[in-house]
Amino acid sequence: MYLKDIYVSHFRNYDDVKVSFQPSMNIIYGNNAQGKTNLLEAIYVLGMTKSHRSSIDNTLIQKNESTAYIQGNVVVHENLDTLEMGISKTKKLLKINHNEVKKVSDYISHMNIIIFYPEDLDLIKGGPAFRRRFINIELSQLYATYLDVLNDYNKLLKMRNDYLKQYIKGEYIDESYGSILDQYFVTKAELIYQMRRKFVSKLNQYVSDIFYDISGLNGFVLNYHTNIDLESNISYKEQLLDKLKKHRDVERRLGVTLVGPHKDDLEFLLDGNSLKLYGSQGQQRMAVLALKLAEIHLFEDYKKDTPILLLDDVFSELDFDKRNNLLKHIHQHTQTIITTTELELLDSKLIENASLIHIQEGKLINKDEV
Ligand SMILES: Nc1ncnc2c1ncn2[C@@H]1O[C@H](COP(=O)(O)OP(=O)(O)O)[C@@H](O)[C@H]1O
Ligand SMILES: [Mg+2]
């Protein structure tokens, strides 16, 4: 799939602008703080309904304005789809082909995006919540049902925590309600676990080779970390129920659920050692790149279509060889949109074939005007 064009109004530092893209390589360039990342962010928000870098929607709206609007035409299997998104301070409106879409899960599986940006390193350096968020976002794009199951799970988790808090408050407790909650809870937990496990094992079919290609190092794998014994003959659900039982007293004292997919993690291992604990910054960066590149293959396998690749400022962080190794993995038929402050950092062949988009102070500079 590819993004044909995007129209952005009152978004970040853009009054309004329309930008067209070609199906292969596109390079957004300009000095610092001109709006390159903002434009990439608009594309991301159009596809995902949320920003990759801010959880606060209000910051997306241009200062002193009350609403922002984004519209994009996406070509999916040769059909042209118009995606629209209105953002106000209190709500968002989503439309596909001029029809309102109420369910976010139906909307975000429509336009598939993989983004690389400098803060991606948090995927390795940061806490487990970053990695769960990553898995959740990616799986929501792959399967609309994943987000539905995740929302159900989070609702049950909240109900369960509320129930546990009744013990702290010394309120009347209906224990049969508690055990019904647990049954629902472990059922949803297992579904989430199964989809995540499949996702990680699919990624593992690609990541080691890609990591080797860009770094020259063998032995990179991902490991889905959960405190359920995966070798056991006992089902996931039964094991989780058993854990809940074991933790019952502590959970009732703390008023929170201590086991389940909301506590799981993704480990990045190089030769069996955690990259988070032992990897160099360079190795960590390459691990994230390998992960994202592996995802391209995954999206192609699942969706029978290429995702749209957004690369924000990633080239400045890599040396020449790594840059070229990275580019080798990005095929001509994958639409790629890159931002950079220095065109000179990029290979001249790449520039020759790319569509160049010059951004200055939230405006598109026409080539003829330069
Ligand atoms: N909601 C907003 N309204 C107006 N300007 C904004 C808003 N959010 C960010 N900006 C401005 O956008 C600029 C940064 O744009 P950005 O796309 O991050 O730059 P870069 O070209 O370096 O990637 C800054 O000048 C910042 O003040
Ligand atoms: Mg930027």
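Residues numbered from 1 in each chain as written. Chains lettered and ligands numbered in written order. Predicted model: local features only at pLDDT ≥ 70, side-chain atom pairs only at ≥ 80, totals over all residues.

Novice: Tell me about the overall build of the chain, and please be specific about residues and values.
Specialist: Helix and strand content of the chain: 12 helices and 15 strands. Its C-alpha radius of gyration of 22 Å places the chain within 12% of the 21 Å reference for a compact globule of 370 residues. Along the first, second and third principal axes, the C-alpha set of the chain runs to 75 × 50 × 35 Å. Across the 370 residues that make up the chain, the buried fraction comes to 35%. In the chain, of all internal contacts separated by at least 6 residues, the share reaching a separation of at least 24 is 71%. (Helix = DSSP H or I, 4+ residues; strand = E, 2+ residues; numbered from the N terminus. Rg over C-alpha atoms; globule rule 2.2 N^0.38 Å. Buried ≥ 20, exposed ≤ 12 C-beta atoms within 10 Å, placed from the backbone. Contact = placed C-beta atoms within 7 Å.)

Novice: Which residues make up the domain arrangement of the chain, and what values go with them?
Specialist: Per the domain assignment, the segments of the chain are domain 1 (1–112 + 305–370) and domain 2 (121–303). A separation of 29 Å is found between the C-alpha centroids of domain 1 and domain 2. Across the contact, 16 residues belong to domain 1 and 16 residues belong to domain 2. Looking at the side of domain 1 that touches domain 2, the elements that each hand over two or more residues are α2 (104–108) and α11 (320–328). A breakdown of the residues in the side of domain 1 that touches domain 2 according to their chemical character gives 5 nonpolar, 7 polar and 4 charged. (Domains from an automatic or database assignment. Nonpolar A, V, L, I, M, F, W, Y, C, P; charged D, E, K, R; others polar.)

Novice: An account of the site of ligand 1 is requested, with residue identities and associated values reported.
Specialist: Close to ligand 1 lie 14 residues; N13, K36, T37, N38 and K63 are nearest. When its residues are assigned to classes, the shell around ligand 1 shows 2 nonpolar, 9 polar and 3 charged. (Near = placed C-beta within 6 Å.)

Novice: Give me the packing of helix α6 (residues 175–215) against helix α7 (residues 236–246): which residues, what numbers.
Specialist: Put simply, α6 and α7 touch, their axes get as near as 9 Å, and they point 130° apart. Taken as axis vectors, α6 and α7 run oblique relative to one another. Considering how the two elements wind past one another, α6 and α7 form a crossing that is right-handed. Residues D182, V186, T187, A189, E190 and Y193 of α6 form the contact with α7, whose own contacting residues are Y236, K237, L240, L241 and L244. In the contact of α6 with α7, the residues fall into 7 nonpolar, 1 polar and 3 charged. (Axes fitted to C-alpha atoms, helices over the stretch in contact; angles between N-to-C directions. Parallel < 35°, antiparallel > 145°, perpendicular 65-115°, else oblique. Left-handed = near helix turned anticlockwise from the far one by under 90°.)

Novice: Break down helix α4 (residues 128–142) for me, citing the residues and quoting the values.
Specialist: Here α4 contains 15 residues, and its C-alpha end-to-end distance of 21 Å stays within 8% of the 21 Å for a straight helix at 1.5 Å per residue. For α4, every residue scored as buried is listed here: R131, I135, E138, L139, S140, Q141 and L142. Here the buried face of α4 lies against α2, α3 (122–125), α5 (144–169), α6, β10 (265–270) and α10 (281–303). (Expected span 1.5 Å × (residues − 1).)

Novice: Tell me about the nonpolar core, and name the residues and values.
Specialist: If you look at the biggest cluster of nonpolar residues, it comprises 91 residues, and the most contacted ones within it are A287, A290 and L310. Each of domain 1 (1–112 + 305–370) and domain 2 (121–303) accounts for three or more of the residues forming this core. A290 has contacts with V207, I210, F211, I214 and F220, leaving out every residue within four places of it along the chain. (Core = buried A, V, L, I, M, F, W, Y, C linked by C-beta atoms within 7 Å.)

Novice: Any details on unusual backbone geometry? Residues and values, ideally.
Specialist: Phi is positive for H10, which is not a glycine, with a value near 50°. For H10, the location among the structural elements is in strand β1 (residues 2–11). Of note in the backbone geometry, E361 takes a positive phi value of approximately 45° without being a glycine. On the secondary structure map, E361 appears in the loop between β14 (355–360) and β15 (363–365). Judged by the 12 C-beta atoms lying within 10 Å of it, E361 falls in the exposed class.

Novice: Explain the sheet that holds strand β2 (residues 14–20) residue by residue, including any values.
Specialist: Strand order in the open sheet formed by 6 strands is β2-β1-β4-β5-β6-β7, and the pairing between neighbours is antiparallel. Both outer strands of the open sheet, β2 and β7 (99–100), are each paired with one neighbouring strand and no more. Alignment of β1 against β2, held across 6 bridges, turns out to be antiparallel. Across the sheet, the residue bridging to D5 is S20, located in β2. (Pairing = 2+ DSSP bridges.)

Novice: Help me get a handle on the environment of N38, residues and values and all.
Specialist: Tracing the sequence through the fold places N38 in helix α1 (residues 36–48). Each C-alpha atom of the pair N38 and F11 lies 8.0 Å from the other, and the pair is 27 residues apart in sequence. In this view, N38 contacts R12, N13 and Y14; residues no more than four positions away in its chain are not counted.

Novice: Which residues make up the environment of G126, and what values do they have?
Specialist: The residue G126 is located in the loop between α3 and α4 in this model. Here the alpha-carbon distance between G126 and K276, two residues 150 residues apart in the chain, equals 8.6 Å.

Novice: Describe the pairing of strand β3 (residues 25–29), and please don't skip the residues or the numbers.
Specialist: The buried count for β3 comes to 5 of 5 residues, which makes it a mostly enclosed element. Where burial is concerned, the two faces of β3 agree: the one with M25, I27 and Y29 and the one with N26 and I28 are both buried. Where β3 meets strand β13 (residues 336–340), 5 bridges bridge the pair, whose relative direction is parallel. Each bridged residue has a counterpart across the sheet, and for Y29 the counterpart in β13 is T340. Bridge analysis of β3 against β14 gives 4 bridges, and the strand direction is parallel. Residue pairing across strands places Y29 opposite H358, the latter belonging to β14.

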